[in-house]
Amino acid sequence: MSTADALDDENTFKILVATDIHLGYMEKDAVRGNDTFVTLDEILKLAQENEVDFILLGGDLFHENKPSRKTLHTCLELLRKYCMGDRPVQFEILSDQRVNFGFSKFPWVNYQDGNLNISIPVFSIHGNHDDPTGADALCALDILSCAGLINHFGRSTSVEKIDISPVLLQKGSTKIALYGLGSIPDERLYRMFVNKKVTMLRPKEDENSWFNLFVIHQNRSKHGNTNFIPEQFLDDFIDLVIWGHEHECKIAPTKNEQQLFYIAQPGSSVVTSLSPGEAVKKHVGLLRVKGRMMNMEKVPLCTVRQFFMEDVVLADHPDIFNPDNPKVTQVIQSFCSEKIEEMLENAERERLGNSQQPDKPLIRLRVDYSGGFEPFNVLRFSQKFVDRIANPKDVIHFFRRKEQKENTGEEVNFGKFITKPSEGTTLRVEDLVKQYFQTAEKNVQLSLLTERGMGEAVQEFVDKEEKDAIEELVKYQLEKTQRFLKERHIDALEDKIDEEVRRFRESRQNNTDEEDDEVREAMSRARALRSQTEDSTFNADDAMSVDLAEEVADDSDDSISAAATKGRGRGRGQRGGRGQNAVSRGRSQRGRGTGLETSTRSRSLKTTVSTSRNMSILDAFQSTRQQPSRNPAAKKYSEVIEVDDSDVEEDTCPTTSKTDPRWLNTSSSSSKPMSQSQIAKGVDFESDEDDDDDPFMNISSLRRNRR
């Protein structure tokens, strides 16, 4: 490290790289509530001590899409503490910032704002936890960007085609083209790569003199046929990829032998799941770039809570555990207690030289009790470790492997026809919905909706709390099916209608683009309905008073009128008025009346809505009243980037149309075996076997041998 520091000069970029900080994770936990905030403080302090040029974050700065006030306040406090100051920024931006930050109200980098005093700029893409959502397509990063504390880039504005424009940086003679792509549902991005709809724009002038750095936040490991992004999809002119979303720390750059670029996976800076990948020691990276060469230094994080994990298979110890022993459960408990004590001793030894680590470690003991054993009460067992372990409730995880039957030759082995998920595979809501309807009985199969559309609507309901997502999708599909039947002039016979609906559904299943448009429109309706509901809550009391006053005037009922004028109300111009008439109170006050007429109207309204919601296709088709429907040709989508395979809506502001004429179009799907961008590319990272004093090592000879 001292040698690298000695070679730092005016031509070397120093960048602190981190991903998946997950601010606010378990913030309500009494023991682990402040872990993420302490680690962010350490990361920003490392950036300040090493005098980096800027900080690069690879997504998931926040754990929740709507972080709490405490989380936002702490984040703002730390960014202001470490990233603002008088130290001058040593690099400049050469690209058109209106293209790089066009979605922001302040389309320029924060350190060039005359009202701010930034010493360490922060560049960040969004992840799948803190992605833009809602009617306005905003995320927590937009709040920090509006406050001038970070520079949010890599945001796509279209679901049809993605043009990635780099942020061009220069320090001395070193030039960096910083590409970024925020989180997009993996299946959709996979399909766009296959259809050659993803383009990375390159500088037209001296394109071989730029160090190309790409930041992405997607699944790297395979979770399904299309639920990941293969490394081969990325362009071969890239020098280094910073891969976010994967939590296992693999920050040392590894070479992709096919595309000849390097990939660094910093991993998460906090343990969010008790899995083997999280047990790897946490690091951030100190990246140095000089010309076309780089050096990645691993910097360990000292404030991360310790995590130890072991597996125990009871069947592997027949000399200790006998299922026929009536006291075998007590023996298993004693054995597990000894294992946990050993892990606690290891944690204590490692913590002796680091006073910054929390006292209570995370301990996980996975016990395979297959072979005739029975699990014991974990909650009762963990009481003895409450004061010593940060996760006493889930310190032990019992699991049992499925026993495979022996093949006698008479029975068919159906297991070979079933694709078993690999270890670490994450089940998603839409996959569960699709699997349920594919294996369900015929009488509960979907006849109007498709499994994919229903799965994405359920995903929106679960992840984004869009309470009207499923209802709006059903209503939209019902309206579209009704229009289809009326255009075909189908006779009002139930058999014919069912047959046409089945054919219409099959045609939509085959046309994935049309189905994507339907889901986008339904999600747009749900968000618009939620926005209207939120706006109407401000005037709900006044509207109720006006309706009550009109009914009282129409009915001219003395008793109801007298009852309606009673009650207390808070006036906008006066306080505590009593005895005013209903009309004046409805205009100028917010009050409480008897609610007699209002409740009657509410009950009748609910009855009408319930009737319309339960109307079948046949009833709606036979109805003489024309159902209100939207004109599909007049659709206008607002910019929305959804999570988990929900489709993104188009933006009315064409950000990519402002592309600088200096760019040269390069398709991401065209993989060239020989590229000029591969010449003079260098890499070096921390290694115990490297005795060279020069941290920058040119590997152009490897490039020539590769060719």
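Residues numbered from 1 in each chain as written. Predicted model: local features only at pLDDT ≥ 70, side-chain atom pairs only at ≥ 80, totals over all residues. Heavy atoms only, no water.

Student: Sorry if this is basic, but what is going on with the overall build of the protein chain here?
Tutor: Of regular secondary structure, the protein chain possesses 19 helices and 22 strands. Within the span of the protein chain, comprising 707 residues, buried residues form 49% of the whole. In the protein chain, of all internal contacts separated by at least 6 residues, the share reaching a separation of at least 24 is 75%. Carbon and sulfur atoms make up 49% of the accessible area of the protein chain, which totals about 36300 Å². (Helix = DSSP H or I, 4+ residues; strand = E, 2+ residues; numbered from the N terminus. Buried < 20%, exposed > 50% of the residue type's maximum accessible area, 1.4 Å probe, protein only. Contact = heavy atoms within 4.5 Å. Areas by Shrake-Rupley, 256 points an atom, 1.4 Å probe, with all protein chains shown as cover.)

Student: Help me out: how do you make sense of the nonpolar core in this one?
Tutor: A general feature of soluble globular proteins is that nonpolar side chains tend to end up buried together. In this structure, Ile55, Leu61, Phe62 and Leu79 are the most contacted members of the largest nonpolar core, which totals 34 residues. Secondary structure elements with two or more residues in this core: β1 (13-18), α2 (35-49), β2 (54-57), α3 (69-83), α5 (140-146) and β15 (283-290). Aside from chain neighbours lying at most four places away, what touches Leu61 is Ile21, His22, Leu23, Cys75, Asp130, Leu141 and Leu144. (Core = buried A, V, L, I, M, F, W, Y, C linked by side-chain atoms within 4.5 Å.)

Student: Honestly, the packing of α2 against α3 in this entry has me stumped. Any pointers?
Tutor: The packing of two helices is summarised by the inter-axis angle and the distance between the axes. It is at 10 Å that the axes of α2 and α3 come closest, and there the two elements cross at 15°. One way to sum up the angle between α2 and α3 is to call them roughly parallel. Seen from above, α2 lies across α3 with right-handed handedness. For the pair α2 and α3, the contacting residues are Phe37, Leu40, Asp41, Leu44, Lys45 and Gln48 in the first and Lys70, Thr71, Thr74, Leu78, Leu79, Lys81, Tyr82 and Cys83 in the second. Counted by class, the contact of α2 with α3 contains seven nonpolar, three polar and four charged residues. (Axes fitted to C-alpha atoms, helices over the stretch in contact; angles between N-to-C directions. Parallel < 35°, antiparallel > 145°, perpendicular 65-115°, else oblique. Left-handed = near helix turned anticlockwise from the far one by under 90°. Nonpolar A, V, L, I, M, F, W, Y, C, P; charged D, E, K, R; others polar.)

Student: Is there a simple way to explain the environment of Val194 in this structure?
Tutor: For Val194, the position within the fold is in helix α6 (residues 186-194). A sequence separation of 39 residues divides Val194 from Phe233, and the C-alpha atoms of the two residues are 8.2 Å apart.

Student: Before we go on, may I ask you to explain the sheet that holds strand β8 (residues 174-181) in this structure?
Tutor: The strands making up a sheet are joined through hydrogen bonds of the backbone, oriented either antiparallel or parallel. Taking strand neighbours across the sheet as the criterion, the seven strands line up as β3-β7-β8-β11-β12-β14-β13 in an open arrangement whose pairing is mixed. Both outer strands of the open sheet, β3 (92-93) and β13 (250-255), are each paired with one neighbouring strand and no more. In the sheet, strand β12 (residues 240-244) pairs with strand β14 (residues 262-265) via three bridges, with the strands oriented parallel. Paired with Val241 across the strands is Ile263, a residue of β14. (Pairing = 2+ DSSP bridges.)

Student: Please clarify how the confidence of the model for the protein chain should be interpreted in this entry.
Tutor: Reading fine detail from the predicted coordinates is not recommended where pLDDT is low. Considering every residue of the protein chain, the mean pLDDT works out to 75; 64% of them sit at 70 or more. Segment residues 414-426: pLDDT under 50, and six contacts once partners within four positions in sequence are set aside and those in other chains are kept. The low-confidence segment residues 699-707, where pLDDT is below 50, has 19 contacts with residues more than four positions distant or belonging to other chains. (pLDDT = per-residue confidence, 0-100.)

Student: Is there a simple way to explain the packing of aromatic side chains in this structure?
Tutor: Two numbers describe a pair of aromatic rings. These are the distance of the centres and the angle of the planes. Applying the stated rule across the entire model yields 17 aromatic pairs. Between Phe321 and Phe335 the ring centres are 5.2 Å apart and the planes differ by 90°, which places this aromatic pair in the edge-to-face class. Of this pair, Phe321 sits in the loop between β17 (307-313) and α7 (328-351) while Phe335 sits in helix α7, placing them 14 residues apart in sequence. Here Phe321 falls in the buried class, since its relative accessible area comes to 2%. Take Phe335: its relative accessible area is 14%, and that puts it in the buried class. Among the aromatic side chains, those forming a connected cluster through ring pairs are Phe13, Phe54, Phe91, Tyr111, Phe123 and Phe153. Over the aromatic face of Phe237 sits the side chain of Arg202, whose NZ or CZ is 4.2 Å from the ring centroid. Its guanidinium or amino end placed over the ring of Trp243, Arg220 lies 5.8 Å from that ring's centre, counting from NZ or CZ. (Phe/Tyr/Trp six-rings, centres within 6.5 Å; stacked < 30°, edge-to-face > 60°. Lys NZ or Arg CZ within 6 Å of the ring centre and 35° of its normal.)

Student: Help me understand unusual backbone geometry in this model?
Tutor: Of all residues except glycine, most have a negative phi; of all peptide bonds, most are trans. In this model, Asp206 sits at a positive phi of 50°, which is unusual for a non-glycine residue. Of note, Asp206 is situated in the loop between β10 (202-203) and β11 (211-217). Although it is not a glycine, His245 adopts a positive phi angle of roughly 85°. Checked against the element boundaries, His245 lands in the loop between β12 and β13.

Student: Honestly, the environment of Asp311 in this entry has me stumped. Any pointers?
Tutor: Among the secondary structure elements, Asp311 is positioned in strand β17. Along the backbone, Asp311 and Leu365 are 54 residues apart, and their C-alpha atoms lie at a distance of 5.9 Å. Side-chain polar atoms of Asp311 contact the side chain of Arg366, separated by 2.7 Å. (Polar contact = N/O pair within 3.5 Å; in protein donor to acceptor, adjacent residues only side chain to side chain.)

Student: Where do I start with the environment of Val299 in this structure?
Tutor: Locating Val299 in the fold gives a position in strand β16 (residues 293-300). A residue is classified by how much of its surface remains accessible, and Val299, at 14% relative accessible area, is buried. Excluding residues within four positions of it along the chain, Val299 makes contact with Leu46, His283, Val284 and Leu286.

Student: Can you help me understand the sheet that holds strand β19 (residues 396-399) in this one?
Tutor: With parallel pairing, three strands are arranged side by side in an open sheet as β17-β18-β19. Of all strands in the sheet, those with a lone pairing partner are β17 and β19, marking the two edges. Across the sheet, the axes of successive neighbouring strands diverge by a mean angle of 15°, strand direction being ignored. Judged from the four bridges that link them, strand β18 (residues 362-368) and β19 form a sheet pairing that is parallel. Counterpart to Asp368 in the pairing with β19 is Phe399.

Student: Honestly, the pairing of β17 in this entry has me stumped. Any pointers?
Tutor: On any regular strand, side chains alternate: one points to one face of the sheet, the next to the other face. Among the seven residues that make up β17, five are buried, leaving the element largely enclosed by the rest of the structure. Two elements, β17 and β18, share seven bridges in a ladder whose sense is parallel. Within the sheet, the bridge partner assigned to Phe308 lies in β18 and is Ile363. With respect to chirality, the unit in which β17 leads through α7 into the neighbouring parallel β18 is right-handed. (Right-handed = clockwise from strand over helix to strand, strands pointing away.)

Student: Help me understand α2, please; the structure alone is not making it clear to me.
Tutor: Residue pairs three or four apart in sequence face the same way in an α-helix, which turns once every 3.6 residues. For α2, with 15 residues, the first-to-last C-alpha span of 21 Å sits near the 21 Å given by 1.5 Å per residue. Looking only at α2, the buried set comprises Asp35, Thr36, Phe37, Thr39, Leu40, Glu42, Ile43, Leu44, Leu46 and Ala47. On its buried face, α2 is in contact with β1, β2, α3, β15 and β16. One or two positions beyond α2, positive phi appears at Glu51, with a value near 50°. (Expected span 1.5 Å × (residues − 1).)

Student: Hey, could you run me through the pattern of salt bridges in this one?
Tutor: If you walk through the whole model with that rule in mind, you get 17 salt bridges. A salt bridge links Asp96 to Arg98, with the shortest nitrogen-to-oxygen separation between them at 3.3 Å. Using a relative accessible area of 18% as the deciding quantity, one classes Asp96 as buried. In this structure, the salt-bridge partner of Lys281 is Glu350, at a minimum N-O distance of 3.0 Å. Of the two residues, Lys281 is situated in the loop between β14 and β15 and Glu350 in helix α7; the sequence distance between them amounts to 69 residues. (Salt bridge = Lys/Arg side-chain N within 4 Å of Asp/Glu carboxyl O.)

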